[in-house]
Amino acid sequence: MVIAVENLNVRYGDFHAVKDLSFRVESGELYALLGTNGAGKTTTLEIIEGHREPTSGTVRVFGESPRNRDTVRPRMGIMLQESGFSPDLTVAESVRLIGRLTRRDDTVARVLDVVELTRKAGTKVAQLSGGEKRRLDFATAIWGGPELIFLDEPTTGLDIQSRDDLWGAVDRLRENGSTIVLTTHYLEEAQQRADRIGLMHKGVFHREGTVAELTRTLPR
Ligand code: ATP
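Described below are features of the structure shown in this document.

Reading the values: rules and limits
Residues numbered from 1 in each chain as written. Predicted model: local features only at pLDDT ≥ 70, side-chain atom pairs only at ≥ 80, totals over all residues. Heavy atoms only, no water. Helix = DSSP H or I, 4+ residues; strand = E, 2+ residues; numbered from the N terminus. Rg over C-alpha atoms; globule rule 2.2 N^0.38 Å. Contact = heavy atoms within 4.5 Å. Areas by Shrake-Rupley, 256 points an atom, 1.4 Å probe, with all protein chains shown as cover. Lys, Arg positive; Asp, Glu negative; His and termini not counted. Charge placed at Lys NZ, Arg CZ, Asp CG, Glu CD. Phe/Tyr/Trp six-rings, centres within 6.5 Å; stacked < 30°, edge-to-face > 60°. Buried < 20%, exposed > 50% of the residue type's maximum accessible area, 1.4 Å probe, protein only. Lys NZ or Arg CZ within 6 Å of the ring centre and 35° of its normal. Pairing = 2+ DSSP bridges.

### Some thoughts on the overall build of the protein
When helices and strands are tallied, the protein shows eight helices and nine strands. The C-alpha radius of gyration computed for the protein amounts to 17 Å, which stays within 12% of the reference 17 Å derived for 220 residues, consistent with globular compactness. Partitioning the intrachain contacts of the protein with sequence separation of at least 6 by distance along the chain shows that 65% fall at a separation of at least 24. Element-wise, carbon and sulfur atoms account for 47% of the exposed surface of the protein, whose accessible area totals about 10900 Å². Positive and negative side-chain charges in the protein, numbering 30 and 32 respectively, have mean positions lying 2 Å apart.

### Quick notes on the packing of aromatic side chains
In this structure the tally under the stated criterion is two aromatic pairs. For the ring pair Phe23 and Tyr31, a centre distance of 5.0 Å and an interplane angle of 20° mean the geometry is stacked. Neither residue differs from the other here; Phe23 and Tyr31 are each classed as buried. Judged by centre distance (5.6 Å) and plane angle (70°), the ring pair of Phe23 and Phe205 falls under edge-to-face. A residue pair is termed long-range when its members are at least 10 positions apart, and Phe23 in strand E2 (residues 15-25) and Phe205 in strand E9 (residues 204-210) qualify at 182 residues. The burial state of Phe23 is the same as that of Phe205; both residues are buried. Within the aromatic cluster, the residues linked to one another by ring pairs are Phe23, Tyr31 and Phe205. A cation over an aromatic ring shows up here: Arg75 above the ring of Phe62, its NZ or CZ 3.8 Å from the ring centre.

### Some thoughts on the pairing of strand E1 (residues 3-12)
Looking at chain direction, E1 and E2 are connected through seven bridges and run antiparallel. Each bridged residue has a counterpart across the sheet, and for Tyr12 the counterpart in E2 is Phe15. Two successive antiparallel strands, E1 and E2, enclose a turn made up of two residues, where Gly13 displays a positive phi of approximately 60°. Judged from the five bridges that link them, E1 and strand E4 (residues 56-61) form a sheet pairing that is antiparallel. Among the inter-strand pairings, Asn9 is bridged to a residue of E4, identified as Ser56.

Here is the structure:
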């Protein structure tokens, strides 16, 4: 098992954003957190990634607290909804910088090739289009082929060709054994890509299970 979440609760002041959430992600799975705006998907990811402390409940990643950043962080790659790239760095510089922080081995050339940004290697981040920035986000998440990869709404802003390319790259990572956690608003995307889905609404799971189970029980 790669991720175990037990009775997770997160409060922002008076607001109860995640309520008693429990789920597990097995090695090699693609698990989708699907839900409406404000359902608590990003909050849940932030806890599992170790960026935020839960109000209550336990989270284990590779059997450890994700707050043990030195041991857990080098095993994961993260594509946030909004990255904090420095606009003055080039594409190649950004990838190299973040790649080094992961302590995994890889090369800028390989990663830029996977996301088809080779031609933009010398371009400053400020000059990239929205879709190119999204691909740069993805590039930094896959540096060194991490065992666990978080993709927070990865296809938002991508055209159809870029979406297909991204899913192709995800397929290859999975063939090499990576476990993927995805958040998305799109039922169709989750149905097509995920092994299992947690359907979130207002901080709780409405449904959780395999795609086949959900398709059987959900109203059209
Ligand atoms: P979306 O699909 O819109 O990205 P989400 O499912 O990822 O939504 P979250 O970003 O986890 O949802 O937000 C869950 C709820 O918690 C929202 O109502 C949001 O307004 C609230 N929230 C998130 N971060 C904070 C914060 N730092 N302080 C207060 N409330 C917050």
